[in-house]
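Fold and contact review
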Amino acid sequence: MSVRKQWTSMHLPADKLGLHLRGGFIYPTQQPANTTVASRKNPMGLIVALDDNNAASGDLFWDDGESAGTTESKAYIYYEFTVSNVSIVRQEELLDIGCGIIAGGDLEKLMFF
């Protein structure tokens, strides 16, 4: 459904949820698992919700999900994503990842809306 700038009714089955995405944003996704360690092994994806100018941006802070003080110790990865005219740029601030933060962090799925 692609309805913009107006109210609409969504009729969904009782076992489904409606997902509303704000245009102009990029949403990182990852299949869940029972633990953070297990979910880190699942591939990543991006949902790109383009705005009226066919542009979007988003970011992702990625740490090991367990340690405290990762920002102070700079044990994280920070990605910034931008899309314009349907070209994608990923800028990353790659810091100390000796603890294997990005294991399984490959980008598997890219969806545009």
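On a predicted model such as this, the values are computed, not experimentally measured, just so you know.

For the rest of this paragraph, the subject is the overall build of the protein chain. Within the protein chain one finds 2 helices and 6 strands. If you list the helices and strands of the protein chain from N to C, you get β-α-β-β-α-β-β-β. Each of the 113 residues in the protein chain was classed as buried or not, and the buried ones make up 24%. Put simply, 49% of the contacts in the protein chain that link residues at least 6 apart link residues at least 24 apart.

Chain-level statistics for the protein chain give a pLDDT mean of 76 and a share of 77% at 70 or above. Taken as a whole, residues 93-104 scores under 50 in pLDDT and shows 30 contacts with residues more than four places along the chain or in a different chain.

The next subject is the environment of Phe112. As for its position among the elements, Phe112 is in strand β6 (residues 107-112). According to the relative accessible area criterion, Phe112 is partly exposed, its value standing at 34%. Taking C-alpha positions, Phe112 is 9.2 Å from Ile26, a pair spaced 86 residues apart along the chain.

Further remarks concern the pairing of strand β4 (residues 77-84). Residue alternation in β4 divides its side chains into a buried set, Ile77, Tyr79, Phe81 and Val83, and an unburied set, Tyr78, Glu80, Thr82 and Ser84. Both strand β3 (residues 55-62) and β4 contribute to a ladder of 8 bridges, which runs antiparallel. Of the residues in β4, the one forming a bridge with Gly58 is Phe81.

A separate point is the pairing of strand β2 (residues 44-49). Where burial is concerned, most of β2 is hidden: 6 out of the 6 residues are buried. Sheet analysis places strand β1 (residues 25-30) next to β2, joined by 6 bridges and oriented antiparallel. Looking at the pairing, Thr29 lines up with Gly45 of β2.

This part is about the packing of aromatic side chains. Any aromatic ring pair is given by two values, namely how distant the centres are and how the planes are angled relative to each other. Within this structure, the stated rule accounts for 3 aromatic pairs. A ring pair is formed by Phe25 and Tyr27, whose centres lie 6.5 Å apart and whose planes are at 40 degrees; its orientation type is tilted.

Moving on, we get to the environment of Asp51. Within the secondary structure, Asp51 sits in the loop between β2 and β3. Residue Asp51 is classed as partly exposed on the basis of its relative accessible area of 24%. Along the chain, Asp51 and Arg22 lie 29 residues apart, while their C-alpha atoms are 8.1 Å from each other. Excluding its chain neighbours within four sequence positions, the residues that come into contact with Asp51 are Arg4, Gly23 and Gly24.

Across soluble globular proteins, nonpolar side chains have a tendency to be buried as a group. Core analysis: the biggest nonpolar cluster contains 12 residues, these being Ile26, Met44, Leu46, Val48, Leu50, Ala56, Leu60, Trp62, Ile77, Tyr79, Phe81 and Val83. Looking at this core, the elements with two or more residues in it are β2, β3 and β4. With 4 residues, β4 is the largest single contributor of residues to this core.

Scoring rules and cut-offs
Throughout this description, residue numbers start from 1 for each chain and increase along the sequence as written. Restriction of local features to residues with pLDDT of at least 70 applies here, the model being predicted, together with a cutoff of 80 or more for giving and counting side-chain atom pairs; totals for whole chains, interfaces and linings are based on all residues. In computing side-chain values, all of the structure's heavy atoms are included and hydrogens and water are not. A run of H or I in DSSP counts as a helix once it spans at least four residues, and a run of E counts as a strand once it spans at least two, with each numbered from the N terminus. When accessible area is computed with a 1.4 Å probe and restricted to protein chains, residues below 20% of their type maximum are described as buried, those above 50% as exposed, and intermediate ones as partly exposed. Between two residues, a contact is recorded if the distance between any of their heavy atoms is within 4.5 Å. Each residue carries a pLDDT value, the predictor's own confidence for that position, ranging from 0 to 100. The criterion for strand pairing is that DSSP finds at least two bridges linking the strands in question. The criterion for an aromatic pair is that two Phe, Tyr or Trp rings (for Trp, the six-membered ring) have centres within 6.5 Å, with stacked assigned to planes under 30 degrees apart, edge-to-face to planes over 60 apart and tilted to the rest. Buried residues of nine kinds, namely Ala, Val, Leu, Ile, Met, Phe, Trp, Tyr and Cys, make up a nonpolar core once their side-chain atoms join them within 4.5 Å.

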